[in-house]
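Given next are the chains, with one letter for each unit.
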Amino acid sequence: MHELGLSSKLTRLVKCTIVGTTCQVKSCGLSEPFEVECGLRHCDPIAPLLFNIALQAIVNRAGINQEGTVFTKMNQVLANADDVVIISRSLQSIRTAFEAMDVEAKRMGLHINREKTKIMLLGKKPQDQRQSRPVMGPYNFKVVRRFSYLGSIINEN
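Q: Before we move on, could you go through the overall build of the chain and cite the residues and values that matter?
A: In terms of helices and strands, the chain carries three helices and ten strands. Going residue by residue from the N terminus, the α and β elements of the chain occur as α-β-β-α-β-β-α-β-β-β-β-β-β. A burial count over the chain gives 30% of its 157 residues as buried. Sequence-distant contacts in the chain: of pairs separated by 6 or more residues, those separated by 24 or more amount to 46%. When the accessible surface of the chain is split by element, carbon and sulfur atoms take 55% of a total near 11100 Å².

Structural data, given as structure tokens:
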């Protein structure tokens, strides 16, 4: 959080909400309380915020230019919680951005969900590339004609 310029007071407040957290399991009554030693409680309201902070650090460390739009630069990264979209003018540019983000995500202990990750090709002749399964580092992703992002359907049109 310090890396992103967030105040040390905010960092301390976040730590206070996480450290010493206890949980109980509900199954025919409540279990004995136990302390959460790593991670967050399931459905913790602070989880999306912390994930967005981690994603911002990943994008920064990956060296992806975040100024302008896809019309004025090669890549645009949209991210919210665990949904990330990389928009680019070329498959090679997506590959470069994705591989850099993958390296930085692994450094933070995060990984790419191979099953949920898809590629949609747009442009003048995307049908020429649709038959292939683009390789991005150790990943081989399915090419789709539409996908859902934050509840909205994105398609070729």
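After that view, the rundown keeps rolling.
Q: Explain the packing of helix H2 (residues 47-61) against helix H3 (residues 91-107) to me, using residue names and the numbers behind them.
A: Running from N to C, H2 and H3 cross one another at 130°; their axes reach a closest spacing of 8 Å. Put simply, H2 runs oblique to H3. The crossing of H2 and H3 is right-handed. Contacts between H2 and H3 involve Ile58, Val59 and Arg61 on the former and, on the latter, Met101, Glu104 and Ala105. Among the residues making up the contact of H2 with H3, the classes are represented as four nonpolar, no polar and two charged.

Q: Outline the pattern of salt bridges, listing residues and values.
A: One pass over the structure, following the stated rule, counts two salt bridges. One salt bridge in this structure joins arginine 107 and glutamate 104, with 2.8 Å as the shortest N-O distance. You can see arginine 107 and its partner glutamate 104 sitting in helix H3, three residues apart, about one turn around the helix. Looking at glutamate 104, the relative accessible area reads 8%, which means it is buried.

Q: Please give an account of the nonpolar core that cites residues and values.
A: Membership of the largest hydrophobic core comes to 19 residues, with the highest contact counts inside it found for Ile64, Val77, Ile86, Phe98, Met101, Met136 and Phe141. Only H2 and H3 provide two or more residues apiece to this core. Per-element accounting of this core gives the leading share, six residues, to H3. Each residue touching isoleucine 86, except ones within four places of it in the same chain, is listed here: Gln76, Val77, Ile94, Ala97, Phe98 and Met101.

Q: Account for the pairing of strand S10 (residues 152-155), with residues named and values stated.
A: Inspection of the sheet shows strand S9 (residues 146-149) paired to S10 by four bridges, in the antiparallel sense. Its bridge partner being in S10, arginine 146 is matched across the sheet by asparagine 155. With antiparallel pairing between neighbouring strands as the criterion, S9 and S10 make up a hairpin whose turn holds two residues, including leucine 150 at a positive phi of roughly 50°.

Q: Break down unusual backbone geometry for me, citing the residues and quoting the values.
A: The backbone of cysteine 28 sits at a positive phi, close to 55°, despite the residue not being glycine. Counting through the fold element by element, cysteine 28 comes out in the loop between strand S1 (22-23) and strand S2 (34-35). Given a relative accessible area of 89%, cysteine 28 falls into the exposed group.

Q: Run through the confidence of the model for the chain, naming residues and quoting values.
A: Summing up the model confidence of the chain, the mean pLDDT is 78 and the portion of residues at 70 or higher is 84%. Averaged pLDDT values over the elements of the chain bottom out at 75 in strand S6 (residues 135-136) and peak at 86 in H3.

Q: Go over the side chain of aspartate 102 with me, naming the residues and quoting the values.
A: For aspartate 102, the position within the fold is in helix H3. The exposure class assigned to aspartate 102 is buried, which follows from its relative accessible area of 6%. Aside from chain neighbours lying at most four places away, what touches aspartate 102 is Ile112 and Tyr139.

Scoring rules and cut-offs
- In this convention, every chain numbers its residues from 1, walking through the sequence in written order.
- Note on the predicted model: pLDDT of at least 70 is required for a residue's local features to be given, and 80 or more for side-chain atom pairs to be given and counted; whole-chain, interface and lining totals, by contrast, use all residues.
- Hydrogens and waters are ignored; side-chain quantities use all the structure's heavy atoms.
- Note on conventions: DSSP H or I runs of at least 4 residues are helices, E runs of at least 2 residues are strands, and numbering of each starts at the N terminus.
- Exposed residues in this analysis have more than 50% of their type's maximum accessible area, buried residues have under 20%, and partly exposed residues fall in between, with area computed by a 1.4 Å probe over protein chains only.
- Residues count as neighbours in contact if any of their non-hydrogen atoms are within 4.5 Å of one another.
- Residue burial considers only the protein chains on display, and all accessible areas are found by Shrake-Rupley using a 1.4 Å probe.
- To obtain each axis, a line is fitted to C-alpha atoms, and for helices this fit is confined to the stretch in contact; angles are then taken between N-to-C directions over 0 to 180 degrees.
- Any angle from 65 to 115 degrees is called roughly perpendicular, while one under 35 is roughly parallel, one over 145 is roughly antiparallel, and all others are oblique.
- Rotating anticlockwise by less than a right angle from the far helix to the near helix defines a left-handed crossing, while the corresponding clockwise rotation defines a right-handed one.
- Each residue gets one label: Ala, Val, Leu, Ile, Met, Phe, Trp, Tyr, Cys and Pro are nonpolar, Asp, Glu, Lys and Arg are charged, and the others, such as Gly, are polar.
- What counts as a salt bridge is simple: a side-chain nitrogen of Lys or Arg found within 4 Å of a carboxyl oxygen of Asp or Glu.
- In this description, a nonpolar core means a group of buried Ala, Val, Leu, Ile, Met, Phe, Trp, Tyr and Cys residues linked to one another through side-chain atoms lying within 4.5 Å.
- Whether two strands pair comes down to DSSP finding at least two bridges between them.
- The pLDDT value tells you how sure the predictor is about a given residue, anywhere from 0 up to 100.

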